[in-house]
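# Observations on chain architecture
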Amino acid sequence: MTDSPDYTPAKVWTWTKPSGGRFENINRPISGPTHEKELPVGRHPLQLYSQGTPNGVKVTVMLEELLALGHKGAEYDAWLIRIGEGDQFSSGFVAVNPNSKIPALVDRSGPTPIRIFETGEFLPTEPGARAECLSWLFWQMGSAPYLGGGFGHFYAYAPIKIEYAIDRFAMEAKRLLDVLDRRLAESEYVAGNTYTIADMAIFPWYGGLAKGWLYGAAEFLSVEDYKNVQRWADMLLERPAVKRGRMVNRTSGEPSSQLHERHDASDFETKTQDKLAAAN
């Protein structure tokens, strides 16, 4: 690995050395399982296998919001997948998600388990509003890799600091924050005046960045400048379901904010890491 200006890529890339950095032990250029291990199954219709990263929080916030509205079919068991330790490469996880990425969700409410479920909540039915919501949802899907795999990786995780890479992706991260900030200057929520799945998907990434949770980069990116994103993030953080969703499968931060597994609503009061430590 080198950042030398004299480096010339080989004609054919080969995997000859570790990638370095925080995820060196799990990075590899091939897919499939590395070890045999079945996934646990709880008692609820939905089985979530995840970790409390921005991508994982999208799902737990959605499920907690549905439960808050009284949708009993959204009850779920949340099992912790420690991605830094390679849990996502177990035979059981790969069977659920061949791409070995969290979150993975299995709906076992019917005779045959399936990997997806639908609800009529938080997605507008009027064609224009629905299109706006889906457009911003897909904006998040297209932009988050620049924020995470681009800026986050080179700023926080890469074993060496490469000025060109950090400058390149810091510029893009700030541009994307500006896109969102301008949108929120004219709209209460991302897709309009109603809270939708677009907010739930975008918040863990851009709300987390704005509030200083991601990559320790708040000062570096001057996130306080994005006043509308700050206003929106603070508003979402007032929602009880968002607060609960951020706790599920979380492995960092205050022990009282970490609920490694969630199998019942009462777990938020009795099984956070501080409660479990006190009981031992």
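Structural notes, computed from the coordinates. (Residues numbered from 1 in each chain as written. Predicted model: local features only at pLDDT ≥ 70, side-chain atom pairs only at ≥ 80, totals over all residues. Heavy atoms only, no water.)

## Section: the sheet that holds strand 2 (residues 76–80)
- Read across the open sheet, the three strands follow the order 2-1-3; overall the sheet is mixed. Every interior strand has two partners, whereas the edge strands, strand 2 and strand 3 (104–107), have only one. Taking the axes of each pair of neighbouring strands and ignoring which way they run, one obtains an average angle of 15 degrees across the sheet.
- Taken together, the four bridges between strand 1 (residues 46–50) and strand 3 define a ladder with antiparallel strand orientation. By the bridge assignment, Leu48 is partnered in strand 3 with Leu105.
- Against the sheet, helix 1 (residues 54–68) touches strand 1 and strand 2, its axis set at about 150 degrees to strand 1. (Pairing = 2+ DSSP bridges. Helix = DSSP H or I, 4+ residues; strand = E, 2+ residues; numbered from the N terminus. Axes fitted to C-alpha atoms, helices over the stretch in contact; angles between N-to-C directions. Contact = heavy atoms within 4.5 Å.)

## Section: the pattern of salt bridges
- Across all of its chains, the model carries 12 salt bridges by this definition.
- A salt bridge links Glu132 to Arg183; the nearest nitrogen and oxygen atoms lie 3.4 Å apart. You can see Glu132 sitting in helix 3 (residues 127–157) and its partner Arg183 sitting in helix 4 (residues 163–186), a full 51 residues away along the chain.
- Residue class for Glu132 comes out partly exposed when judged on its relative accessible area of 29%.
- Measuring nitrogen to oxygen at the nearest pair gives 2.9 Å for the salt bridge that ties Arg175 to Glu172. (Salt bridge = Lys/Arg side-chain N within 4 Å of Asp/Glu carboxyl O. Buried < 20%, exposed > 50% of the residue type's maximum accessible area, 1.4 Å probe, protein only.)

## What about the environment of Leu137?
- As for its position among the elements, Leu137 is in helix 3.
- Along the backbone, Leu137 and Val190 are 53 residues apart, and their C-alpha atoms lie at a distance of 9.3 Å.
- Beyond its immediate stretch of four places on either side in the chain, Leu137 contacts Ile197, Ala198 and Ala201.

## A closer look at the packing of helix 4 against helix 6 (residues 227–237)
- Running from N to C, helix 4 and helix 6 point in directions that differ by 70 degrees, and their axes come no closer than 7 Å. Relative to helix 6, the element helix 4 is oriented roughly perpendicular. Side by side, helix 4 and helix 6 meet where Leu177, Leu180, Asp181, Leu184 and Ala185 of the first sit next to Lys227, Asn228, Val229, Arg231 and Trp232 of the second.
- Along the lines of polarity and charge, the residues of the contact of helix 4 with helix 6 split into six nonpolar, one polar and three charged. (Parallel < 35°, antiparallel > 145°, perpendicular 65-115°, else oblique. Nonpolar A, V, L, I, M, F, W, Y, C, P; charged D, E, K, R; others polar.)

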